[in-house]
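Listed below, chain by chain, are the residues.
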Amino acid sequence: MNDWCPVALPGVQRQRAALLSDLRRYFAERNVLEVDTPLLCSSGVTDPALENFVVPCRDGSRFLQTSPEYAMKRLLAAGSGDIYQICKAFRAEEVGARHNPEYTLLEWYRSGIDHYRLLHEVGELVCDLLDRPGWQVWPWDTLMQHVLGAEVNSASRKALEKVARQWLGEIPERLDRDGLLDLLVSHCVEPAIADWGVVFIVDYPISQAALARRIESPEGEAVGARFECYVDGMELANGYWECGDVEELTARFTADNERRKQQGQEQRPIDHHLLAALDSGLPDCSGVAMGVDRLLALRAGVASLDAVLGFDWVRS
Amino acid sequence: MANFSTNEFKPGLKVMLDGEPCSILENEYVKPGKGQAFNRVKLRNLRSGRVWERTFKSGDSLEGADVLDVELEYSYTDGEFFYFMDPVSYDQHAAGSDAVGDTQKWLKEQEKYEVTLYNGAPITVTPPNFIELEITETDPGLKGDTAQGGSKPATLTTGAVVRVPLFISQGEIIRIDTRTGEYVSRASKS
């Protein structure tokens, strides 16, 4: 009946405008350039956990971007220097209290720093915006061990399945090793850190490195140079010390498509513009993507995203 | 029956899980930014009334359950089964004591009940929120007790025992809230 009305209250709309202006001031003070890249591109994303909206166009299919990452890396390769973007991102099929298929993303890149230093910047920004006293940093395997009471880093698929059953009873069938890790993180770790405030998880297993470069941890293990920022148990930002190695990334994208094929998902063309840009040389940099609607929900103190979206998926 | 995928799960949808008909209560979408999406689902087992919590991979599906809620009139019991009649088609349905459960103490002839049919057979019987029943036995009321809040047990025609105010006497018809089993008022004179 009142479906034409916005969901977010006028006060929340004003808080959104204030947050965007705070963010733009933050980057202006640090000489990070605001950029604008296309949202409708000729390539999508190979990551099996992400689905593009595919838009039929006169010259073939185009893909609404799940993040502006690839285009921004092309700018970096072309010598843009430090850049940021606040834009809409699209992820098909993701609807829930913490997900909306169309959402606002903040993504930025800083050259010459690793993910630990970028993590520090993110921590300062988040604590400033949300008025939090500080943050904790946990290596991925230490946190898993702490929460689950089991060593999972070197655990086999079968051993992980046992841990998951101990914690959750019945679990979905046909989960591979990374699927089991995702299950444990979302069902056990996130609730466990829900009252820890701002928490960074760093140094992911190689199988979960995504686009982060491969580094050696202080313990001498090969890990992905990736961090995730959680606030009150909600994932807020994901960052990498970027991998610029074309061969390595081509192998990862190809493996993604192989996994898509196994799972009965449509394969996606690999972004040749991105590969060509990386081939010409990506500057040493770290980048991070942050969910702006989630940031606003935390700032406004609401549990569900629809309270901060003018029009949620149902009303859009 | 049709299959339903996790993105079609919504409260009230009836599905089969572990061979049991269930009604979905809640469906929560959970997904790490880089990783597998899940649906955490709460379901009520329609046979036992128990609430189950189960996690599915997003995109997994469950078979729909052939479950139908109908309004039927209670007719009689032969000691083993309780017979309900469809007031329109006059079809009769026999419900076992498992299906009737606690509702047995609120069964009154010609009264309408919500009966859940699974594959055509009753699995649960839900009474109306309020029901009027006659008192067959209670101690005589004492004069002057009307203002005080005292109460006493009273046995109803169905065998149920409820607490009633002291001024209520044997043979009276009272109104009861079946959700709490509490006395509400004297029945309105019809």
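Our subject is the structure listed above.
Residues numbered from 1 in each chain as written. Chains lettered and ligands numbered in written order. Predicted model: local features only at pLDDT ≥ 70, side-chain atom pairs only at ≥ 80, totals over all residues. Heavy atoms only, no water.

Digging into the overall build of chain B
Counted only if it meets this: The secondary structure listing takes helices from DSSP runs of H or I that are at least 4 residues long and strands from runs of E that are at least 2 residues long, numbered from the N terminus. C-alpha atoms define the radius of gyration, and 2.2 Å times the number of residues to the power 0.38 defines the globule rule. To sort residues, take the accessible area from a 1.4 Å probe on protein chains only and compare it with the maximum for the residue type: under 20% means buried, over 50% means exposed, and anything in between is partly exposed. Two residues form a contact once any of their heavy atoms are found within 4.5 Å. Only the protein chains shown count as cover for residues, and all accessible areas are computed by the Shrake-Rupley method using a 1.4 Å probe. Positive: Lys, Arg. Negative: Asp, Glu. His and the chain ends are not part of the count. Lysine's charge is taken at NZ, arginine's at CZ, aspartate's at CG and glutamate's at CD.
A count of helices and strands for chain B gives 1 helix and 16 strands. Scaling as 2.2 N^0.38, a compact globule of 190 residues should have a C-alpha radius of gyration of about 16 Å, whereas chain B reaches 22 Å, well beyond that. Each principal axis of the C-alpha distribution contributes one length, and for chain B these read about 75 × 40 × 25 Å. Looking at chain B as a whole, 43% of its 190 residues are labelled buried. For chain B, long-range pairs separated by at least 24 residues make up 44% of all intrachain contacts whose partners lie at least 6 apart in sequence. For chain B, the accessible area works out to roughly 10400 Å², and carbon and sulfur atoms hold 45% of it. Put simply, chain B has 21 plus and 29 minus side-chain charges, and the middle of one group is 8 Å from the middle of the other.

Some remarks on the overall build of chain A
If you tally the helices and strands in chain A, you get 9 helices and 12 strands. Whereas a compact globule of 316 residues would reach a radius of gyration of roughly 20 Å, chain A reaches 20 Å, a difference of no more than 12%. For chain A, the spread of C-alpha atoms along the principal axes amounts to about 50 × 45 × 40 Å. Looking at chain A as a whole, 53% of its 316 residues are labelled buried.

Considerations on the interface of chain B and chain A
This is how the line gets drawn: Accessible surface is computed with a 1.4 Å probe, and the buried area is the amount of it that two parts give up when combined, taken over both parts together. Salt bridge, as used here: a side-chain nitrogen of Lys or Arg that lies within 4 Å of a carboxyl oxygen of Asp or Glu.
Listed by partner, the interface residues are 15 residues for chain B and 24 residues for chain A. Both faces considered, chain B and chain A share a buried interface measuring about 1900 Å² in area, 52% of it formed by carbon and sulfur atoms. It is Tyr29, Lys31 and Lys34 of chain B in chain B that bury the most area against chain A; as a group they hold 37% of the surface buried on that side. At the junction of chain B with chain A, the criterion picks out 2 salt bridges.

Notes on empty space enclosed by the protein
Applicable threshold: The method works on a 1 Å grid over the protein atoms by themselves. A cavity is a set of points holding a 1.4 Å probe that cannot get out, a pocket is an open set with protein on both sides within 12 Å along at least five of seven lines, and residues with an atom within 4 Å of a point line them. Grid points are joined across faces, edges and corners, and a volume is the space filled by probe spheres set on the points. Any residue outside Ala, Val, Leu, Ile, Met, Phe, Trp, Tyr, Cys, Pro, Asp, Glu, Lys and Arg is labelled polar, Gly included; the first ten of those are nonpolar and the last four are charged.
Counted according to the given criterion, the structure contains 3 cavities of 30 Å³ or more. Considering only enclosed or pocket space, the largest cavity measures out at about 440 Å³ in volume. Lining the largest cavity we find 33 residues, and of these Arg91, Tyr103, Leu105 and Gly291 of chain A together with Gly33 of chain B sit closest to its centre. The dominant element in the lining of the largest cavity, judged by the number of residues it contributes, is strand 11 (residues 234-241) of chain A, at 6 residues. Considering only enclosed or pocket space, the second largest cavity measures out at about 70 Å³ in volume. Trp140, Asp182, Val185, Ile201, Tyr204, Gln208, Arg226, Glu228, Tyr230 and Glu235 of chain A together with Pro32 and Lys34 of chain B together form the lining of the second largest cavity. Going through the elements one at a time, helix 6 (177-192), strand 8 (198-204) and strand 10 (222-231) of chain A are the ones with two or more residues in the lining of the second largest cavity. Among the elements that make up the lining of the second largest cavity, the one with the highest residue count is strand 10 of chain A (3 residues). Taken together, the residues that form the lining of the second largest cavity break down as 6 nonpolar, 1 polar and 5 charged.

A short note on helix 8 (residues 272-281) of chain A
Residues and elements named next belong to chain A. To be explicit about the condition: Of all possible arcs, the one meant is that of the directions from the helix axis to the C-beta atoms. Identification of polar contacts relies on pairs of N or O atoms within 3.5 Å, with a donor-acceptor requirement for protein atoms, meaning one able to donate a hydrogen and the other able to accept it, and with residues adjacent in sequence counted only if both atoms are side-chain atoms.
Among the residues making up helix 8, those that are buried are Leu274, Leu275, Ala277 and Leu278. Considered in projection along helix 8, the buried side chains sweep an arc of 160 degrees and stay on one side of the axis. Across from the buried face of helix 8, at angles greater than 90 degrees, the exposed residues are Asp279 and Ser280. Of the surrounding secondary structure, the elements contacted by the buried residues of helix 8 are helix 2 (69-77) and helix 7 (246-262). Here helix 8 starts with a cap whose side-chain oxygen sits 3.0 Å from the backbone nitrogen of His273, and that cap is Asp271.

Considering the pattern of salt bridges
Residue and element names in this part refer to chain A. As enumerated under the stated definition, the model contains 31 salt bridges over all chains in all. Here Arg259 and Asp176 are joined by a salt bridge, their closest N and O atoms 2.9 Å apart. Note that Arg259 is positioned in helix 7 and Asp176 in the loop between helix 5 (157-168) and helix 6, a separation of 83 residues in sequence. Linked through salt bridges whose partners overlap, the residues forming this network are Glu51, Arg260, Glu266 and Arg268.

Concerning helix 3 (residues 115-130) of chain A
All names here are of chain A. Cut-off, in case you're wondering: A helix is expected to span 1.5 Å multiplied by its residue count minus one.
Look at helix 3: 22 Å from first C-alpha to last across 16 residues, which is about the 22 Å you get at 1.5 Å a residue. Taken as a whole, helix 3 has its buried residues at His115, Leu118, Leu119, Glu121, Val122, Gly123, Leu125, Val126, Cys127, Leu129 and Leu130. Residue Asp114 occupies the N-cap position of helix 3, its side-chain oxygen lying 3.1 Å from the main-chain nitrogen of Tyr116. Backbone geometry just downstream of helix 3 places Asp131 in the positive-phi region, at approximately 55 degrees.

Some remarks on the sheet that holds strand 4 (residues 60-64) of chain A
All names here are of chain A. Worth spelling out the cut-off: Following DSSP output, two strands are said to pair if at least two bridges run between them.
Spatial ordering of the open sheet is given by 2-4-3, a layout of 3 strands whose pairing is antiparallel. Two strands lie at the open edges of the sheet, namely strand 2 (40-41) and strand 3 (53-57), each paired on one side alone. Strand direction decides the pairing type here: strand 3 and strand 4, joined by 5 bridges, are antiparallel. Of the residues in strand 4, the one forming a bridge with Phe53 is Leu64.

A closer look at the nonpolar core
Residue and element names in this part refer to chain A. The condition that has to hold: Among the buried residues, those of types Ala, Val, Leu, Ile, Met, Phe, Trp, Tyr and Cys that are joined through side-chain atoms within 4.5 Å form a nonpolar core.
Counting residues in each nonpolar core, the largest one holds 40 residues, and the members touching the most others are Leu106, Trp108, Val122, Val126, Phe227, Val231 and Met290. Sort the elements by how many residues they give to this core and helix 3 lands first, with 8 residues. Beyond its immediate sequence surroundings of up to four residues, Phe227 is in contact with His115, Leu118, Leu119, Val122, Phe200, Ile201, Val202, Tyr204, Ala237, Asn238, Gly239 and Val288. Core analysis: the second largest hydrophobic core is formed by 27 residues, Val147, Val152, Val185 and Cys188 among them.

What to know about the side chain of Glu228 of chain A
Residue and element names in this part refer to chain A. Topologically, Glu228 is positioned in strand 10. Glu228 sits in the buried class, given a relative accessible area of 2%. A polar contact of 2.7 Å, which involves the side chain of Glu228, links it to the side chain of Arg226. Residues contacting Glu228, with those up to four places away along its chain left out, are Val199, Phe200, Ile201, Tyr204, Glu235, Ala237 and Asn238.

Thoughts on unusual backbone geometry
If you check the backbone angles, Asp232 of chain A has positive phi at about 50 degrees while not being a glycine. The topology assignment puts Asp232 of chain A in the loop between strand 10 and strand 11. On the basis of relative accessibility, which here comes to 28%, the residue Asp232 of chain A falls in the partly exposed class. One non-glycine residue, Asp18 of chain B, adopts positive backbone phi at about 50 degrees. Following the sequence through the fold, Asp18 of chain B ends up in the loop between strand 2 (14-17) and strand 3 (20-30). With a relative accessible area of 56%, Asp18 of chain B lands in the exposed category.

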